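Spelled out, the chains give:
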Amino acid sequence: MRHHKIQSKMRYTVKSAFPAALALAATLAGCEKGESYSDLLRTEEKAVNWYLAGHNVENEIPADGRFLTGDDAPYYRMDDEGAVYMQVVSPGDSGNRPEEGDKVFFRFERWNIKYMYEGIEQRPAGNQNNLDMYVSTSLIYGNTLYQSTTQFGQGIQVPLEYLGYYSEVNLVIKSTWGFTSEQGECTPYLFNVKYYPAEY
């Protein structure tokens, strides 16, 4: 029940005026280049569909919460909008899960799915390969108020509703649930994320 409340809170509170203003500014910039916001969204959708076409996809979250896991596990559609798809590489410690308000550290790498779709070479961005724990990024689970957490968007928190600490996931996140500063760019990303407790 707890995760349903958090998801509902996140779904409506994160979509605040500040991210909307950023999205509008980026949209206007895109329009100046001859691309409408609708054009950008269509391109994003095509890129995501192209990526998911190469994988098994489940449109429902398992009722018992038992996700198939591993590098060849399916991508599960995690929300009604189809903004987040999750592949569980490792479920982590099911007996040690974050509670609302906990500080959660995470390491990540991400790839621009539009670049992948267009065949453009890229290096992953993120902090995953730096072994210094102090460069790990953190968020407050379930928080929708502090910019230090909301800057990452709501997609990055979705796995924490279902998995334990030390879990590893691959996430396809569309821009509407991605980093708030990038939402107007309509760029989807493939993330690899690992989650850790504050004391790790």
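Everything discussed here concerns the structure shown above.
Quick caveat, the model's predicted, so the values are computed rather than measured.

Visitor: In this structure, what is going on with the pattern of salt bridges? I would like to understand it.
Guide: Should their charged atoms come close, side chains of opposite charge can pair. Under the criterion given, the structure shown has three salt bridges. The closest approach of N and O atoms between arginine 42 and aspartate 39, which form a salt bridge, is 2.6 Å. With arginine 42 and aspartate 39 both in helix α3 (residues 37-52), this residue pair falls three residues apart, about one helical turn. On the basis of relative accessible area, arginine 42 is assigned to the partly exposed category, the value being 48%. According to the relative accessible area criterion, aspartate 39 is partly exposed, its value standing at 27%. One salt bridge connects glutamate 182 with arginine 110, and the closest N-O pair in it is separated by 2.7 Å. Taken together, the residues span a long stretch of sequence, with glutamate 182 in the loop between β7 (168-173) and β8 (189-197) and arginine 110 in strand β4 (residues 103-112) at a distance of 72 residues. We classify glutamate 182 as buried; its relative accessible area is 16%.

Visitor: Sorry if this is basic, but what is going on with the nonpolar core here?
Guide: Proteins that are soluble and globular tend to have nonpolar side chains buried together. One finds Leu171, Phe191, Val193 and Tyr195 to be the most contacted residues of the largest nonpolar core, which totals 28 residues. Among the elements of the structure, β3 (84-90), β4, β7 and β8 are those that each provide at least two residues to this core. Per element, the largest residue contribution to this core is four residues, and it comes from β8. Sequence-distant contacts of phenylalanine 191, defined by excluding residues within four places in its chain, comprise Phe108, Glu109, Arg110, Ile156, Val169, Asn170, Leu171, Ile173 and Phe179.

Calculation notes
Residues numbered from 1 in each chain as written. Predicted model: local features only at pLDDT ≥ 70, side-chain atom pairs only at ≥ 80, totals over all residues. Heavy atoms only, no water. Salt bridge = Lys/Arg side-chain N within 4 Å of Asp/Glu carboxyl O. Helix = DSSP H or I, 4+ residues; strand = E, 2+ residues; numbered from the N terminus. Buried < 20%, exposed > 50% of the residue type's maximum accessible area, 1.4 Å probe, protein only. Core = buried A, V, L, I, M, F, W, Y, C linked by side-chain atoms within 4.5 Å. Contact = heavy atoms within 4.5 Å.

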